[in-house]
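# Breakdown of the fold
Chain by chain, the residues:
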Amino acid sequence: ISGYGKIDEAFYDELEEILITADLGFDITMELIESLREKVKEVKTDDPHQVKALLKELIINILSTGNRELQVEPPPAVVLVVGVNGVGKTTTIGKLTHYFKQQQKEVMLAAGDTFRAGAIDQLEVWGQRNQVPVIRHQEGSDPAAVIFDAIHAAKARNCEILICDTAGRLHNKKNLMNELGKIFRVVDREYPEAQKEVLLVLDATTGQNALQQAKVFGEVAQLTGIVLTKLDGTAKGGIVLAITKSMGTPVKMIGVGEQLEDLQPFDPSSFAEALLGDTDENTNVDDTKI
Amino acid sequence: MIFEGLSEKLQNTLSKLKSKGKLTEKDVKEAMREVKLALLEADVNFKVVKDFIKRVSDRAVGDEVMESLTPGQHVIKIVNEELTALMGSGQSKLTFSSKPPTIYMMVGLQGSGKTTTCGKLAKHLKKQQKNPLLVACDIYRPAAIQQLKTVGGQVDVPVFSMGDGTSPVHISKAAVEHANRQGLDTVIIDTAGRLHIDELLMEELQQIKAAVKPQEILLVVDSMTGQDAVNVAEQFHEQIGIDGVILTKLDGDTRGGAALSVRAVTQKPIKFAGMGEKIDEFEPFHPDRMASRILGM
Ligand SMILES: Nc1nc2c(ncn2[C@@H]2O[C@H](COP(=O)(O)OP(=O)(O)OP(=O)(O)O)[C@@H](O)[C@H]2O)c(=O)[nH]1
Ligand SMILES: Nc1nc2c(ncn2[C@@H]2O[C@H](COP(=O)(O)OP(=O)(O)OP(=O)(O)O)[C@@H](O)[C@H]2O)c(=O)[nH]1
Ligand SMILES: [K+]
Ligand SMILES: [Mg+2]
Ligand SMILES: [Mg+2]
């Protein structure tokens, strides 16, 4: 941030730019800047670092909403993983399995994407890497039937956590969303005793459309959390603020790569820090260039 | 006027104006706020929006409003013209090499739709009496080769693969030799998804490019991409050099401002649009339609 020691309009403009380019969206950016202006008046500060810390606090407040723990205790538990195409659902399942196995939990997978080319084989590879069973049918078969079978297999083998993959689907496709509704009903009916986690996977690279994704998936299912993937890139994933603020759905985990270990519990503080960036240092670098 | 929604907002903003005369800086500034909002809501990159607004404002301020138009319509006309200039007006066709095989290479971020698009492009080219070969150069993603084989089967196009133990550079070279021997005139290379900041994997693309000299390197971009689209496009273009863009998942309800961002930073045309998961849901790209979609019309 340039203009050290001076909290002027240009300073607020720069903050606005940081938030917009982090994909927060215009509305929430404006709200945050407004709240920040009030706070600055209240605290009576003219130190840019302190102002930034205040902004960080406002962001952390929003992101700390809800319960960020994965609800899988006491067993059995079922985790449904949903989202639009290519966001990282299947990969997240591979990583989640590793995460749970490290906690000595018995995990089983259900290959509920029977549509996309190679989807079942892809999940099978993650099953092998984690040495857990994968319940699968043939490509093209009814996904609800796969989930049905998987639930009964999980019961028979006393499995603690069943994680279900689903096909990527755009939220504006009515028939595909209905198909998802059917899967949820099967789970409710066949596994009433199980803890339920319904995780919406969002790609951090996604812009404002992610809000619509969350809303519509949330109408079909009771979402319990968000997994934000691909945070190892340069995208900041700021749209989750708008989602958490308007729907109360917490971000629970983040994806930071394509390997088994690349899944972490979500930490609002470090997320906010990454979002606001190391702008002080960047400015210094820019200054020397000029 | 194609931009109806924004058009209405602009008319309202400018309705207080006297209907004719020159546009003042203040009028234009108010109207530009609406345009800026529409573009940001559509995920057009912040800097691209800023430049755009400046260009439109510079043109509009002091302009005599045409007899036949209201001030709102006049501003819309300028926005429309500048947007068309930015998006490109005509359709951009695929080019072919004078000496076969013509080689196309798909590159892009993870999950953007490369493998699916390889199949779609193969089908598109088959309809033009070409004989394509699909090449499996993603040796990293679990079951990526199997996915391409299934896709190849769907469009009845052969798939060249050497498993996941051989380097993609070697696979691509061997594939071109194979195409030559088999008399196949088109080679479509599927590459693994990668981050633009992954130096090793970006270098791999440079090596494939040097080894087989593709006719076109096509950057596959998810139309839901947000502000980061400029970084991605800029980096792929700077490091690899792209010839065109394919925009996927336009069957969704995203406004697709990434199209504008990518176009603005690379100056490369968007050639095709992915309109669904199925192999025939693929269309030539229409910049004018995209412009109105981005403005939310
Ligand atoms: N860099 C990075 N890549 C990721 C991450 N998570 C997933 N990916 C990659 O994103 C691509 C898509 O991942 P998938 O797990 O197949 O996504 P999906 O949501 O199951 O896709 P569909 O089933 O086709 O809808 C793959 O190349 C993954 O390796 C992440 O956290 N970081
Ligand atoms: N709705 C829709 N889905 C698409 C479109 N193009 C691709 N997809 C889907 O997007 C997901 C990812 O597609 P892939 O072709 O596997 O993407 P990729 O870029 O090869 O992925 P990686 O190899 O993991 O980097 C799959 O679920 C595809 O079915 C499209 O135009 N519309
Ligand atoms: K994506
Ligand atoms: Mg999947
Ligand atoms: Mg692929």
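Model, not experiment: these values are computed from the prediction.

### Focus on the overall build of chain A
Assigned secondary structure in chain A consists of eleven helices and eight strands. For a compact globule of 290 residues, the expected C-alpha radius of gyration is about 19 Å, and chain A comes in at 21 Å, within 12% of that figure. Residues counted as buried form 56% of the 290 residues belonging to chain A. Within chain A, counting contacts between residues at least 6 apart in sequence, those at least 24 apart form 77% of the total. For chain A, the accessible surface area stands at approximately 12,100 Å², while carbon and sulfur atoms represent 47% of it. Side-chain charges in chain A split into 30 positive and 44 negative, and the spacing between the mean points of these groups amounts to 6 Å.

### As for the packing of aromatic side chains
If you walk through the whole model with that rule in mind, you get four aromatic pairs over all chains. Here the aromatic rings of Phe11(A) and Tyr12(A) are separated by 6.0 Å at their centres, their planes lie at 75°, and the arrangement is edge-to-face. Its end group placed over the ring of Tyr12(A), Arg37(A) keeps NZ or CZ at 4.2 Å from the ring centre. Directly above the ring of Phe96(B) sits Lys130(B), whose terminal nitrogen or CZ lies 4.5 Å from the centroid.

### Describing the confidence of the model for chain B
Scored by pLDDT, chain B has a mean of 92; 95% of the residues are at 70 or more. Scored as a complex, the prediction yields pTM 0.95 and ipTM 0.95.

### Side note on the pairing of strand 2 (residues 132-137) of chain B
Sheet faces and side chains relate simply in a regular strand, where the side chains alternate between the two faces. Residue and element names in this part refer to chain B. Along strand 2, six of the six residues are buried, which leaves the element largely enclosed by surrounding structure. Of the two faces of strand 2, both are covered, the one formed by Pro-132, Leu-134 and Ala-136 as well as the one formed by Leu-133, Val-135 and Cys-137. As paired strands, strand 2 and strand 4 (residues 186-191) are joined by six bridges and run parallel to one another. From the neighbouring strand, Ala-136 faces strand 4, where its bridge partner is Asp-190. As paired elements, strand 2 and strand 3 (residues 159-160) share two bridges and run parallel to each other. Along strand 3, the bridge assignment pairs Leu-134 with Val-159. What joins strand 2 to strand 3 is helix 6 (residues 144-155), and the crossover it makes is right-handed.

### Focus: the site of ligand 2
Near ligand 2 you find 23 residues, and of these Gly113(B), Lys114(B), Thr115(B), Thr116(B) and Arg141(B) are the closest. Neighbouring residues of ligand 2 are distributed over chains A and B. Separating an oxygen atom of ligand 2 from a backbone N or O atom of Gly111(B) is a distance of 2.9 Å. In the model, a nitrogen atom of ligand 2 is placed 2.8 Å from a nitrogen or oxygen of the Asp251(B) side chain. Look at ligand 2: alone it shows 650 Å² of surface, and the protein chains cover 96% of it.

### Section: the sheet that holds strand 4 of chain B
Residue and element names in this part refer to chain B. Read across the open sheet, the eight strands follow the order 3-2-4-1-5-6-7-8; overall the sheet is mixed. Both edges of this open sheet fall to strand 3 and strand 8 (282-284), since each of them pairs with a single strand only. Here helix 5 (residues 114-127) sits on the sheet in contact with strand 1 (102-107), strand 2, strand 4, strand 5 (216-222), strand 6 (244-248), strand 7 (270-274) and strand 8, set at roughly 170° to strand 4. Running at roughly 165° to strand 2, helix 6 makes contact with strand 2, strand 3 and strand 4 of the sheet.

### Re the interface of chain A and chain B
By a widely used convention, the size of an interface equals the accessible area lost when the partners come together. Facing 38 residues of chain A, the contacting portion of chain B comprises 35 residues. Summed over both partners, the interface of chain A with chain B buries about 3,100 Å², with 57% contributed by carbon and sulfur atoms. For chain A, the biggest contributors to the area lost against chain B are Phe26(A), Thr205(A) and Thr234(A); these three give 17% of the whole. Here chain A is connected to chain B by four salt bridges. A salt bridge links Lys50(B) to Glu17(A); its shortest N-O distance comes to 3.9 Å. Going through the elements one at a time, helix 1 (9-21), helix 5 (119-130) and helix 8 (209-220) of chain A are the ones with two or more residues in the side of chain A that touches chain B. Take the side of chain A that touches chain B: its biggest share by element is five residues, from helix 5 of chain A. Of the residues contributing to the side of chain A that touches chain B, the split by class is ten nonpolar, 17 polar and eleven charged.

### Quick look at the pairing of strand 5 (residues 195-203) of chain A
Residue and element names in this part refer to chain A. For strand 5, a buried count of seven out of nine residues is recorded, marking the element as mostly surrounded by other parts of the structure. By the bridge criterion, six bridges tie strand 1 (residues 77-82) to strand 5 in an arrangement that is parallel. For Leu-80, the partnering residue across the bridge sits in strand 5 and is Val-198. Pairing between strand 5 and strand 6 (residues 225-229): five bridges, direction parallel. Its bridge partner being in strand 6, Leu-200 is matched across the sheet by Ile-226.

Conventions used here
Residues numbered from 1 in each chain as written. Chains lettered and ligands numbered in written order. Predicted model: local features only at pLDDT ≥ 70, side-chain atom pairs only at ≥ 80, totals over all residues. Heavy atoms only, no water. Helix = DSSP H or I, 4+ residues; strand = E, 2+ residues; numbered from the N terminus. Rg over C-alpha atoms; globule rule 2.2 N^0.38 Å. Buried < 20%, exposed > 50% of the residue type's maximum accessible area, 1.4 Å probe, protein only. Contact = heavy atoms within 4.5 Å. Areas by Shrake-Rupley, 256 points an atom, 1.4 Å probe, with all protein chains shown as cover. Lys, Arg positive; Asp, Glu negative; His and termini not counted. Charge placed at Lys NZ, Arg CZ, Asp CG, Glu CD. Phe/Tyr/Trp six-rings, centres within 6.5 Å; stacked < 30°, edge-to-face > 60°. Lys NZ or Arg CZ within 6 Å of the ring centre and 35° of its normal. pLDDT = per-residue confidence, 0-100. Pairing = 2+ DSSP bridges. Right-handed = clockwise from strand over helix to strand, strands pointing away. Near = heavy atom within 4 Å. Polar contact = N/O pair within 3.5 Å; in protein donor to acceptor, adjacent residues only side chain to side chain. Axes fitted to C-alpha atoms, helices over the stretch in contact; angles between N-to-C directions. Buried area = accessible area lost by both parts, 1.4 Å probe. Salt bridge = Lys/Arg side-chain N within 4 Å of Asp/Glu carboxyl O. Nonpolar A, V, L, I, M, F, W, Y, C, P; charged D, E, K, R; others polar.

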